[in-house]
Every structure is written in structure tokens, then in C-alpha cells.
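# Topology and contacts: notes
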Amino acid sequence: MKVYKNVNIVTCDSDFHVYLEGLLVTDGDVIAYVGAYEDTWEKQAQEVVDMEGAWMMPGLVNTHTHSAMTLLRGISDDENLHEWLEKTIWPAESRFTPEVTTSAVQLALYEMLQTGTTTFNDMYNPSGVDIKQIYEVVKVSGMRCYFSPTMFSTPRETTAATLERTRKIIEEIQSFNDERFRVMVAPHAPYTCEEDLLLGSLELAKELELPIHIHVAETEEENKIMLNRTGLRPLDYLKSLGYLEQRGIFAHSLELIPSEISLLAESSVSVAHNPISNLKLASGIAPIVELMDAGVRVGFATDSVASNNNLDLFEEARTAAFLQKMKYKDARQFPVEMVLRTMTLGGAETLGMEDQIGSLEVGKQADFIIIDPRTKAHLYPMNRMLSHLVYAIKGGDVDQVYIAGKQVVKDGQVLTIHQEKLFQQITELGVIE
């Protein structure tokens, strides 16, 4: 049993409890106590750590990423989404080797850990990589994830072949039998998948009892494409196929009208909100306040670094808060407590993992991050912790990260990934054009 005392704890639980000079106790990989100081815990602990007034909150949850795209950071700026994908990103991804993909994923893991993310939901294009290699680097990092192979309709492969290849990858992931490495069924988007692939993906998800992970309603152009192709907007089209009845994550969901927000609220679907990527690609501003007011589960996400250009969820959260205030012309919208919960418990709810992670509560996994404000000028005055955690902090301010009670970041350095070796590998791979 390990005791962390004299720590300012933001639990991010449903009642948003905050404990100043509080106490958190871990027993192996779970939280045994969180709350006001009680000396009985200290007396029975094997180890007691005086946190000296540091700040503690749950590990952050990134609900939509493309970790294998890390080596495409900065490849092409100042383009709109569809041209950017077709002219730059997809051709570059086609040149990925298994070595490139694995190293790129590992670099993303390093960056996420260093900035406080402990769980992520990934959509990736396998490019011939052995999923066992990806699993091994994620396992060594200690992170939790969903790692889902992306499906596209392409003249190079029949729908049946795409589904069969994807099934094999999913079944291999399931064979690892590791709760920290899970999988979803991930058709890329309604406009990049023909109807038979979308239907086949949904049937696969139902058969294997898995969630769906898909881009939906990301741009006005997507709406136009789907209206021309099907006579329906993307959300109505997916509803007609049965997608709103299956548990899943819709990434982006910007271009929504009120009736579609109501549809989402009545569905089994959650939304991954990617504000910085949406801004950089000029895609739009998602109606997050309306979605949440309607009861839709929402989590923050970074998207890939090719459109962001980092994996810092603190920056994402701050940007999201400012955007919603401006969108609704009301500074009271998306207040601090709501932002902090969306970064943590909201993300866990989006992934269906709220019983395990997302808040610091007894019985949950001991996933938490620690920030020492004393050496950081931008976090003074220190008695305004909640405000600073949203409006002042940066991912680089994270000092310590724990996953399942095990320390994976110490003094800002990742312990589970060899930095010098990784950076050397990335350098030797060269630039992907």
C-alpha cells in the first residue's frame, strides 16, 4: 500500500470533489482511498510520499488519434481537409514500412505520456505492419488504448478482402487478451467507404460485440458528397444503415443541425471532439455545448499531429473552452469544471471505460498525473489551481504520470521508453515526403 499525502487532488468524479492537502492511497493497481487526510492510512502503508502541495488529477484520455501519422508532423500545412488527405497524406502513408509505422507509434506514445495522457483511442492504417509489434511497444509503454485498423473502399481490394483482412487483425488483437490493448471496428468515413463496406463493418462489430470508430460530419464538403451520393446527410445516412444503434465513437461531428444532435442524444454513439485539428483544417467548430446539453457523451481528442501538430490534451482542452465561449458569445459556456471532466471522466465515458478510469475514486485504476506548480511561473498564484489546470497549464508541465499504480513518467521523463534510442531511430528513418 502506498500513500500520497499533502497533495491537492482534483478527482474529476461526477460530483467534482476537490481535496486540498488531501490523501490518495493505492493498493497495487487500484485506488484504496481518496479524500481528506487520515493518519490511519499512513500508519499501515508500506510507502509514504509527501507531495509537498503538488496537484494531482486523473490521467488524460485522448478519444481519437492516428498515432502512426506522427512522422507526418508538418508534412503539409495550410490546406483544407479533402485536398490535404488526397494529395498529401494518403500518398505519404502508402510509403510507410512496418519499421516506420512501429517507430511512429512509439514516438506518439512517448509524447502522450510526457504530456499526461494515459489512455488513447487510435485509428490507423496497417501498411503491412505486424500488429504484434505495435502491441509490444504499447505494452512496454504501459498505456491503455483501443488500436483499430482503418478500412477504406479501394479499387485495389474487394470489400470482402478488406473485411477478412481486418477480421484477422481484430482477432489477433483479441488473442492478446490484454485489457490495456483493445480494438474497435473502424471504417474510415461514410464518404470513403462504399455502402457494402459500411454494412459489413457494422455486421462485424455486432458479431464481435465491438464498438465502431468512424469519422462523421467533419466538413461541409462531406455533407455535399453524401447528399450527392445518397440524398442524405452523413448522420441520416448512417442512421439508415443502423449505425446509431451500435455503441461507437463518431470523430469530429461538426456539421450538425438540431435534429441530428437529437439523434445522437438518443443513440449509443459518443463524440470525439478535435478542436485544434478542426481549426487548422478550417473544418469548423463543433456544437459541443449543445451536444452535451442534449446528453451526448463527449471526450477531447487531438487527431493526428499532421493536422494539430502535437498530442497535448491540455492545449486541446483550453482551445475547446475558448471556442465554445466564442461560438455561443457567452463566456459562461464550458466552464472550468466541465472542461476538466471532459479531459478525464468524459473521455472514459466516451470509450465505455468509466468504471475503470477517468476519475480518482476508490476501486478504480490508479491512473493519475502530478504537477508541481512551485517551479513554474505561469502557475502562480498557486491557490488558483482549477483555473490554471485549464487556462494556464501546458502538457510539458506534467512532472509525474502513473498508470495502474506504476510510475511511467518521472520529472517529466518517460521511464518506459528509451528516449535516446527512439529519437535515434526516428532520425535514421529520415523524412517521409
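Scope of this entry: the structure provided in the associated data block. (Residues numbered from 1 in each chain as written. Predicted model: local features only at pLDDT ≥ 70, side-chain atom pairs only at ≥ 80, totals over all residues. Heavy atoms only, no water.)

With that settled, consider the side chain of S67. Structurally, the position occupied by S67 is in the loop between β6 (60-65) and α2 (81-93). Aside from chain neighbours lying at most four places away, what touches S67 is A104, V105, A108, D122 and F147. (Helix = DSSP H or I, 4+ residues; strand = E, 2+ residues; numbered from the N terminus. Contact = heavy atoms within 4.5 Å.)

Core analysis: the largest hydrophobic core is formed by 112 residues, its most contacted members being F181, F250, L264 and L340. Of all hydrophobic cores here, the second largest spans 14 residues; its members include Y4, V34, A366 and Y402. (Core = buried A, V, L, I, M, F, W, Y, C linked by side-chain atoms within 4.5 Å. Buried < 20%, exposed > 50% of the residue type's maximum accessible area, 1.4 Å probe, protein only.)

Turning our eyes to something else, we now look at the pairing of strand β1 (residues 2-10). Each regular strand carries side chains that alternate between the two faces of the sheet. Among the nine residues that make up β1, seven are buried, leaving the element largely enclosed by the rest of the structure. Sheet topology note: the β1/strand β4 (residues 47-50) ladder contains four bridges and is parallel. When the bridges of β4 are listed, K2 appears paired with E47. Of the pairings in the sheet, the one linking β1 to strand β2 (residues 18-27) comprises seven bridges and is antiparallel in character. Each bridged residue has a counterpart across the sheet, and for V10 the counterpart in β2 is V18. Bridge count for β1 against strand β5 (residues 55-58) is two bridges, and the pairing is parallel. Directly across from N8, in β5, lies its bridge partner W55. (Pairing = 2+ DSSP bridges.)

As a further point, take the pattern of salt bridges. Counting across every chain of the model gives 16 salt bridges. Between K2 and E47 there is a salt bridge, with its nearest N and O atoms 3.8 Å apart. Here E47 lies in strand β4 and K2 lies in strand β1, a separation of 45 residues in the sequence. The exposure class assigned to E47 is partly exposed, which follows from its relative accessible area of 40%. Measuring nitrogen to oxygen at the nearest pair gives 2.9 Å for the salt bridge that ties R165 to E157. (Salt bridge = Lys/Arg side-chain N within 4 Å of Asp/Glu carboxyl O.)

A word on helix α5 (residues 159-175). Taking 1.5 Å per residue as the helical rise, α5 with its 17 residues ought to reach 24 Å, and the 24 Å between its terminal C-alpha atoms agrees with that figure. Every buried residue belonging to α5 is among T159, T162, L163, T166, R167, I169, I170 and I173, and all of these are buried. Residues of α5 that are buried sit in contact with β7 (117-124), α4 (131-141), β8 (144-151), β9 (181-182) and α6 (195-208). Just beyond α5, the residue with positive phi is N177, at close to 50°. (Expected span 1.5 Å × (residues − 1).)

Here we take up the environment of G116. Assignment of secondary structure puts G116 in the loop between α3 (98-114) and β7. Expressed as a C-alpha distance, the spacing of G116 and V61, which sit 55 residues apart in the sequence, is 8.9 Å. In this view, G116 contacts G59, L60, I369, V398 and V401; residues no more than four positions away in its chain are not counted.

Let's shift gears to the side chain of K2. Look at K2 and you get buried, because its relative accessible area is 19%. At 3.3 Å, the side chain of K2 forms a polar contact with the side chain of Y4. (Polar contact = N/O pair within 3.5 Å; in protein donor to acceptor, adjacent residues only side chain to side chain.)

Quick look at the sheet that holds strand β13 (residues 269-273) now. Strand order in the open sheet made by the four strands is β11-β12-β13-β14, with parallel pairing throughout. The sheet terminates laterally at β11 (212-216) and β14 (298-300), the two strands that pair on one side only. When strand polarity is set aside, the average angle formed by the axes of neighbouring strands in this sheet is 25°. As paired strands, β11 and strand β12 (residues 248-252) are joined by five bridges and run parallel to one another. Counted as the bridge partner of H215 is A251 from β12. Along the sheet, helix α8 (residues 234-241) contacts β11 and β12; its crossing angle with β11, the most-contacted strand, is approximately 150°. (Axes fitted to C-alpha atoms, helices over the stretch in contact; angles between N-to-C directions.)

A word on the packing of aromatic side chains. One pass over the structure, following the stated rule, counts 13 aromatic pairs. Pairing F120 with F147 gives two aromatic rings, centres 6.3 Å apart and planes at 85°, and the pair type is edge-to-face. Taken together, the positions of F120 in strand β7 and F147 in strand β8 put the pair 27 residues apart, joining distant regions of the chain. Residues F120 and F147 agree in their burial class; the two are buried. (Phe/Tyr/Trp six-rings, centres within 6.5 Å; stacked < 30°, edge-to-face > 60°.)

A separate point is α4. An α-helix turns once per 3.6 residues; consequently, residues spaced three or four apart project the same way. Every buried residue of α4 is accounted for by I131, I134, Y135, V137, V138 and S141. The arc that holds the buried residues of α4, viewed along the axis, is 170°, so those residues lie on one side. Contacts made by the buried residues of α4 are with α3, β7, β8, α5, β9 and β17 (406-410). The N-cap residue of α4 is D130: its side-chain oxygen and the backbone nitrogen of K132 are 2.9 Å apart. Count one or two residues on from α4 and you reach G142, which has phi positive near 90°. (Arc of directions from axis to C-beta.)

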